[in-house]
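Structural characterization, general
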Amino acid sequence: MGMAEMALLHHFSTSTCYTVTRNPILQTIWQIRIPQVSFSSPFVFRAIIALSALHLAHIKPEFHDHYVSQAELHHNTALQMVSAILPDVNKENSQSIFVFSILTCIISCAKPRIKHDFWANNDRDIEWLNLFRGTIHILALADRSLKTGPLAPMFTIGHRRKLARDARSATATPPFLLVLKQLLQDTVHDPSELQCYHHSIDDMAMSFATVDEIGSHKCETADIFIWLLRVSDQYLGYIQQRAPEAMVIFAYFCVLMKEMEWAWWMQGFSVHTISGIYYILGEEHRCWLQWPMQQVGWVP
């Protein structure tokens, strides 16, 4: 490990680790246990210092290009390392692959964004979504030791918040989502597709209820991103096909993502996403975006 890598690791342990979560227990996990995982996993180590470099690019704009290129170098190297073992998740490597997938999701959100390029020419902007969903499959394949090992508090706290969220399932659907449901009812003729959209909106209603109840200042990453883990593969299929109704629903999710802007790596991400959705929709569906656009504060 060279001096530059040591400096990036030091920055991660003294600063970046506190920007991933607002929960003090989870901050300790990120400060101490995640770097410990990286000492026996070179690709996790590379991902940690890539995220640290992106954080430095954010707080030291005069060295922005230097740190971004450092981040790309380390993360690309890590991706090459991990691609060989991804097809074979097992008891021995599940912890490091799980940590890497979370780091990669954050890195994907933190990377410099290309304006008006959202899902336009390639899937670069959707990669974080696929990676995030990938964590479910890692957990499904992983041994129980992942949830009882050094990272156990992550799962315990996450499970507690999930139970609290599920308890809000009886909450009435907010008026803006009822309007969206009605629009879908009038335009989507395939019953299976319509049901898929309604399920995704019902689950999103629980996320909005969570934000309302606990307050924006207490929102955690898990409270917002759980929706992405809960929506069906069918819905994500429609997203990847750029189905306009699926894209509109995702624009409503941007309002929830805005609650995450306390984190530097999420700043501007909701606007970036909703503007990208706007530019690939036709005129009719653009009119459907009025409410979420007002909420995130974006005007085309």
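Note that the structure is a prediction, hence the values are computed from the model and not measured. (Residues numbered from 1 in each chain as written. Predicted model: local features only at pLDDT ≥ 70, side-chain atom pairs only at ≥ 80, totals over all residues. Heavy atoms only, no water.)

1. Describing the environment of N76
Heads up, the condition is: Secondary structure elements are defined from DSSP: runs of H or I of at least 4 residues count as helices, runs of E of at least 2 residues count as strands, and each element is numbered from the N terminus.
Along the chain, N76 turns up in helix α4 (residues 64–83). Remark: the alpha-carbon pair of N76 and A47, spanning 29 residues in sequence, is separated by 8.9 Å.

2. Notes on the packing of aromatic side chains
Quick note on the threshold: Note on ring pairs: Phe, Tyr and Trp rings are taken, using the six-membered ring of Trp, and paired if centres are within 6.5 Å. Classes follow the plane angle, with under 30 degrees stacked, over 60 edge-to-face and the rest tilted. Relative accessibility decides the category of a residue: with a 1.4 Å probe and only protein chains considered, values under 20% of the type maximum give buried, values over 50% give exposed, and everything between is partly exposed. Counting as a charge over the ring demands two things of the Lys NZ or Arg CZ atom: a distance within 6 Å of the ring centre and an angle within 35 degrees of the ring normal.
By the definition in use, this model includes 16 aromatic pairs. Relative to Y235, the ring of Y197 lies with its centre 6.4 Å away and its plane at 85 degrees, an arrangement referred to as edge-to-face. Taken as a pair, Y197 in helix α10 (residues 191–214) and Y235 in helix α12 (residues 233–240) lie far apart in primary sequence, 38 residues in all. Both residues of the pair, Y197 and Y235, count as buried. Taking 6.1 Å as the distance between ring centres and 65 degrees as the angle between the ring planes, the aromatic pair formed by F208 and W291 counts as edge-to-face. Of the two residues, F208 sits in helix α10 while W291 sits in helix α16 (residues 290–296), which places them 83 residues apart along the sequence. Linked through ring pairs, Y197, W227, Y235, Y238, F250 and F253 together constitute an aromatic cluster. If you follow R286 out to its NZ or CZ, it ends over the ring of Y278, 4.3 Å from the centre.

3. Focus on the side chain of D223
Put simply, the test is: Definition of a polar contact: a pair of N or O atoms within 3.5 Å, with one able to donate and the other able to accept a hydrogen when the atoms are protein atoms, and with sequence-neighbouring residues admitted only if both atoms are side-chain atoms.
Mapped onto the secondary structure, D223 falls in helix α11 (residues 221–230). D223 gets classed as buried once you look at its relative accessible area, which sits at 5%. Of note is the side chain of D223, whose polar atom sits 2.7 Å from the side chain of R161. Of note is the side chain of D223, whose polar atom sits 2.9 Å from the backbone nitrogen of E220.

4. Considering a nonpolar patch on the surface
Put simply, the test is: Patch criteria: residues need more than 30% relative accessible area and no salt bridge. Like-charged residues are merged within 9 Å; nonpolar side chains of Val, Leu, Ile, Met, Phe, Trp and Tyr are merged within 5 Å. Where accessible areas are quoted, they stem from the Shrake-Rupley method and a 1.4 Å probe; at the residue level, only the protein chains shown are allowed to cover. A side-chain nitrogen of Lys or Arg and a carboxyl oxygen of Asp or Glu constitute a salt bridge if their distance falls within 4 Å.
A surface patch of nonpolar side chains, about 380 Å² in accessible area, is lined by M1, M3 and M6. Looking at the element boundaries, M3 is found in helix α1 (residues 3–14). Residue classification places M3 among the exposed residues on the basis of a relative accessible area of 67%.

5. Describing the packing of helix α13 (residues 244–257) against helix α14 (residues 269–280)
This is how the line gets drawn: With axes taken as lines fitted to C-alpha atoms, and helix axes fitted only over the stretch in contact, angles between N-to-C directions fall between 0 and 180 degrees. With respect to orientation, any angle under 35 degrees is reported as roughly parallel, any angle over 145 as roughly antiparallel, any angle of 65 to 115 as roughly perpendicular, and every other angle as oblique. The sense of a crossing depends on the near helix, which, turned anticlockwise from the far helix by less than a right angle, makes the crossing left-handed and, turned clockwise, makes it right-handed. Contacts are assigned to residue pairs that have any heavy atoms within 4.5 Å of one another. Residues are sorted three ways: Asp, Glu, Lys and Arg are charged, Ala, Val, Leu, Ile, Met, Phe, Trp, Tyr, Cys and Pro are nonpolar, and all the rest, Gly among them, are polar.
Between α13 and α14, whose axes approach to 9 Å, the crossing angle comes to 165 degrees. By the angle between their axes, α13 is roughly antiparallel relative to α14. Between α13 and α14 lies a crossing of left-handed hand. For the pair α13 and α14, contact is made by M247, F250, A251, C254 and M257 and by F269, S270, T273, I274, I277 and I280, respectively. Grouping the constituent residues of the contact of α13 with α14 by class yields nine nonpolar, two polar and no charged.

6. Digging into α10
Under the convention used in this document: A helix's residues, less one, multiplied by 1.5 Å, set its expected span.
With 24 residues, α10 extends 35 Å from end C-alpha to end C-alpha; this agrees with the ideal 34 Å at 1.5 Å per step. At the N-terminal end of α10, a side-chain oxygen is found 2.9 Å from the backbone nitrogen of S192, two or three residues along, and the residue is D190. G215 sits one or two residues past α10 and shows a positive phi near 90 degrees.

7. Concerning the domain arrangement of the protein chain
The test is simple: Source of the domain bounds: an automatic or database domain assignment. Reported buried area values correspond to the accessible surface (1.4 Å probe) lost by two parts on association, with both partners' losses combined.
According to the domain assignment, the protein chain contains domain 1 (3–154) and domain 2 (169–296). Computed over C-alpha atoms, the centres of domain 1 and domain 2 are 25 Å apart. The interface is formed by 28 residues belonging to domain 1 together with 34 residues belonging to domain 2. When domain 1 packs against domain 2, the two sides together hide about 2,800 Å² of surface, and 65% of this comes from carbon and sulfur. Our count for the domain 1 to domain 2 interface comes out at zero salt bridges.

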